[in-house]
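# Results of the structural survey
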Amino acid sequence: MAVIGIDLGTTNSLAALWQDNKVTLIPNALGDYLTPSVVGLDDDGALLVGKVAQERLISHPHLTASCFKRRMGTTGKIALGEQQFSPEELSSMVLRKIREDAEQYLQQPITEAIISVPAYFNDNQRSATKAAAQLAGLYIERLVNEPSAAALAARMSNTGEDQTFLVFDLGGGTLDVSVVDCFDNVIEIIAVAGDNHLGGEDFDNLLVDYFCRQNQLVYSTLSPATKAILQSNAELCKQQLSEQQQVHMFLRLEDQTYSILLTQELLAEIFMPLLKRTEKVIQRALADSNFSSIDDVLMVGGSSKMPIVRGYVNRLFSKAPTLTRSPDVIIAEGAGIYAGIKSRNGEIRDIMMTDVCPFSLGIGAKNDRSDLRAHVAMMIERNSLLPSSISKYFTTLHDGQTSLNISIYQGEEFYADENICLGELNMPLPSAPAGVEGVEVRFSYDINGILQVEVSHEKTQVRKQVVIIGEYNTLTEEDIQQKLAELEKIKLHPAQDEQNRLLSAWGERLYTESLGEVRENIVRCLGYFNQALNSQRPHRIRQARKKVTDYFEQLTQQHFIGNRQPSDFMPDTDQGDEE
Ligand code: ADP
Ligand code: MG
């Protein structure tokens, strides 16, 4: 049975699948690839999804809803006429439409999908996406991050050499920039940055403002219907300017016609404030990634079709060619390819996607008795590689304290109670003076959003654990057990990795065989390598392993011992690091 990949976008959604050795986009009932993520009711109360609903955004705003992806993971309701809907219910209607159209097109039932979500989506948002899928009759084994999907699609069409991408995804309402590193069969997100209020709509707004100014119209005095028409004219003109050098933008109001002539140069001037904001986001992602060079820039999202956007981003990367093939479908293609991999399609080699945790996880803690409010003691930091497993030791704060309460938080706020509380555990302890008794706390978190928290007390051998799964997770009990077994495996520190152990052992042997400055260099090399191991990030470990191996090899080959200028070979430990 086919598994399809779905890009559930804020503005548009679409599906793809792996078929006959390639990824194929699935057209909807209208023959379009893009289905607007818009839901509405018609005058008889029947459900409308996609383009039909979108057409009615202007004429029937109170019966139509759009942009509900922005509200995913919140408890807010959205009204359609008299009825109230949750964001996941509205998303499920889009998913159901996509599913039914795909079933029609493929002539087979579809019950399973891979859905892409923004890399920064938190647990609640991911759970809500899974809930939406469940409501639409789709089983979701996992979600895939949008930038990973884009990188996967881009990699299918090239030689598979190691590559670092900057994924620039400018959609209808948001800009997401990610640095994604690909090597062998691993796709790793290194850093994410974004602006939640920078997308195609903001470009439309600037155009509307400009139009009004040029025609002495006061926007706030226009009727809602006129505003909506202006907005949609602006979007149309903006899109036409992706193909043409100039267009006229019109508005007919009563018996008057207002117009402006738009050229590429003028557009660049009007849009400059937004272009400058994209640059800031790019710089933040690059700075967070600590990567000095990017091999390719992937232009993703409908708004990346604008020549001025491409030109602007291109100029920021003088050397990097920007890949712009089909920006608005590349994420769906990636999700489709991944769906193919998941259904074990022999033709595609297995690909491991590693992702970063988009938020921090920790426990509530007080440093001393004078602390009135608990802060968060960090366990798994934002942008840590997943799956991740980290263990720390916590002690009592009061004399005679007979238990420790472990509250689990997700978020970036300093005070514990300002973050999302995911659960708690209480651990009994033998009475003792403050600071004597303590517990080992381990957090293990995987990409499916399963967080396992284990607390153990060594002396009494008491061990407790909670498994926190997003509220709407569609995984079965059996799946969960399997994922937990996988998490068990990763608790092994990467230092235990055979290749890595070998390198450390090699260094230790060279140390015993050498003297003086060479010895010091070997110590520095091993320290540098250990730091990389402790980061638990595969690409950093790989980089360090390569540098250190090169150095050790040269030492060995040159029969260096005691009589060679060793600093020739010293790996440059400051370069290419990312933390
Ligand atoms: P999302 O990821 O938010 O669902 P998309 O990637 O589909 O959105 O992008 C939608 C945005 O792309 C809209 O603002 C739309 O106006 C814009 N867009 C689509 N095609 C073009 C084009 N040819 N030129 C300029 N903008 C475009
Ligand atoms: Mg998108």
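Please read all numbers here as calculations on a predicted model, not as lab measurements. (Residues numbered from 1 in each chain as written. Chains lettered and ligands numbered in written order. Predicted model: local features only at pLDDT ≥ 70, side-chain atom pairs only at ≥ 80, totals over all residues. Heavy atoms only, no water.)

## Points about the site of ligand 1
Residues in close proximity to ligand 1 total 16 residues, the closest being Thr11, Asn12, Glu235, Ser242 and Gly302. Here an oxygen atom of ligand 1 sits 2.8 Å away from a polar atom, N or O, in the side chain of Lys238. Within the side chain of Ser242, one N or O atom sits 2.6 Å away from a nitrogen atom of ligand 1. If one sorts the elements of the shell around ligand 1 by residue count, helix 6 (residues 224–240) sits on top with three residues. (Near = heavy atom within 4 Å. Polar contact = N/O pair within 3.5 Å; in protein donor to acceptor, adjacent residues only side chain to side chain. Helix = DSSP H or I, 4+ residues; strand = E, 2+ residues; numbered from the N terminus.)

## Comments concerning the nonpolar core
Counting residues in hydrophobic clusters, the biggest one holds 48 residues, and the most contacted among them are Leu166, Phe168, Phe203, Met249, Leu262 and Val309. Within the second largest apolar cluster, 36 residues are counted, among which are Leu17, Ile98, Ala102 and Leu143. (Core = buried A, V, L, I, M, F, W, Y, C linked by side-chain atoms within 4.5 Å. Buried < 20%, exposed > 50% of the residue type's maximum accessible area, 1.4 Å probe, protein only.)

## What to know about the packing of aromatic side chains
For the structure on display, the rule yields four aromatic pairs. Between Phe203 and Phe271, the aromatic rings sit 4.8 Å apart at their centres with planes inclined by 90 degrees, giving edge-to-face as the arrangement. In this pair, Phe203 sits in helix 5 (residues 200–214) while Phe271 sits in helix 7 (residues 264–289), placing the two residues 68 residues apart along the sequence. Of the two residues examined, Phe203 and Phe271, each falls in the buried class. (Phe/Tyr/Trp six-rings, centres within 6.5 Å; stacked < 30°, edge-to-face > 60°.)

## So, the pattern of salt bridges
All told, the structure shown has 15 salt bridges when counted by the stated rule. Glu454 is the salt-bridge partner of Arg463, the closest N and O atoms lying 2.4 Å from each other. Close ionic contact of Asp550 with Lys546 constitutes a salt bridge, the shortest N to O distance being 3.5 Å. Within this pair, Asp550 and its partner Lys546 are both found in helix 13 (residues 538–557), separated by four residues, close to a single helical turn. Judged by relative accessible area, which is 33%, Asp550 ranks as partly exposed. Each of Asp162, Asp181 and Arg542 takes part in one network of salt bridges that share partners. (Salt bridge = Lys/Arg side-chain N within 4 Å of Asp/Glu carboxyl O.)

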